[in-house]
Every structure is written in structure tokens, then in C-alpha cells.
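Okay, here's what each chain looks like letter by letter:
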Amino acid sequence: MAPLVPHARGMCLLAQLIAVDDDSATATALTQPEDLFAEAAGIPAWVGIEWIAQTVAAWGGYRAAASGEPVTPGLLLGSRRYRSRLAHWPFGREIVVVASLDFVADNGVTQVSGRLAWRDDDEGAEPLAEGTLTLYRPDSLPALGDA
């Protein structure tokens, strides 16, 4: 994941990018006691927002690499209606994160919808968490590795 989501000091929170198409991406995250955000009860539910954002980053990184372009950074502007059925994600589980494109504006603002579920849940099962994120990729930021 590091080439697709080049965060430093343990901030790359995803385990694997498992699917990419024109309008969505699917990744996995592992809940481990060594996680940067781990608490005694598990991984706090709000970390799911970052998992969705990093799934979008991995999606962009994959698409950039496939077209021979550099990976460029983006900014998480905010989240809306993020709801989790859990206060903490228990340790030792694999989470599937799906990010689907809602829209991309001419100014670079992008909205995605995200869903989180256990890896072993049925595809039609109600998500454990879901919400929308607003992201921005400005043209003025340097490509990662150029700064």
C-alpha cells in the first residue's frame, strides 16, 4: 500500500487494495493492537473516516501509476453523515472498505460515499459504518516525492 498511499510514521492504515474500477475502489484494513490509533477497547469508530479517505487515495494512486503519472496528494475537507454501529472496531478483524464516486466538480472537489463491513459478511448485509467524504486535490500541491 505504501506506493499508493505514501504516508509516514504508521499513517498508512490500509492492508490491501483489492478492486478498482472507474467509479469505485475496495480496500481492506486490519484491526490490530499495534495500530497507531488503538485503544484498550479496539480501534475507535471514527478511524473509519480515514480508512475511506485512504481507499480513495489508493484508488487515485493506482490510477496515476497505471497511467505513468506521479501520485499526487489530496486533502480531506470533511465528512457528512458518518455513522457507525460500533464505538470501537475489535482487534483481530478484517474490514472491507468500499469508496464510490458521487461526483467530481470542475474545481477538483470530489464527493465519495463509503461503506465498511466485516470481510466475512454477506455482500448484501447492512454496513457496519457508512458516510460521505468531501475531498480536494488542488493543482498547486507538488507530486509526492517532489517536495
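Since the model is a prediction, treat every value here as computed from it, not as a measurement. (Residues numbered from 1 in each chain as written. Predicted model: local features only at pLDDT ≥ 70, side-chain atom pairs only at ≥ 80, totals over all residues. Heavy atoms only, no water.)

A word on helix 1 (residues 47-66). Between its first and last C-alpha, helix 1 extends 28 Å over 20 residues, near the 28 Å set by a 1.5 Å rise per residue. Backbone geometry just downstream of helix 1 places Gly 68 in the positive-phi region, at approximately 75°. (Helix = DSSP H or I, 4+ residues; strand = E, 2+ residues; numbered from the N terminus. Expected span 1.5 Å × (residues − 1).)

Okay, the pattern of salt bridges next. Under the counting rule described, the total for this entry stands at three salt bridges. Glu 126 is paired through a salt bridge with Arg 85; the nearest N and O atoms lie 3.9 Å apart. Residue Glu 126 is found in the loop between strand 7 (109-118) and strand 8 (129-136), and its partner Arg 85 is found in the loop between strand 4 (75-84) and strand 5 (88-89); the two are separated by 41 residues along the sequence. Look at Glu 126 and you get exposed, because its relative accessible area is 54%. A salt bridge links Arg 119 to Glu 94, with the nearest nitrogen and oxygen atoms 3.6 Å apart. With Arg 119 in the loop between strand 7 and strand 8 and Glu 94 in strand 6 (residues 94-104), this pair connects stretches of sequence that are 25 residues apart. (Salt bridge = Lys/Arg side-chain N within 4 Å of Asp/Glu carboxyl O. Buried < 20%, exposed > 50% of the residue type's maximum accessible area, 1.4 Å probe, protein only.)

With that out of the way, let us pick up the side chain of Thr 55. Within the secondary structure layout, Thr 55 lies in helix 1. What makes Thr 55 buried here is its relative accessible area of 0%. Those residues within four positions of Thr 55 in sequence are excluded, and the remaining contacts are Leu 14, Ala 25, Thr 26, Ala 27, Val 97 and Ala 99. (Contact = heavy atoms within 4.5 Å.)

Everything listed here is a matter of coordinates, which is why it stays silent on function.
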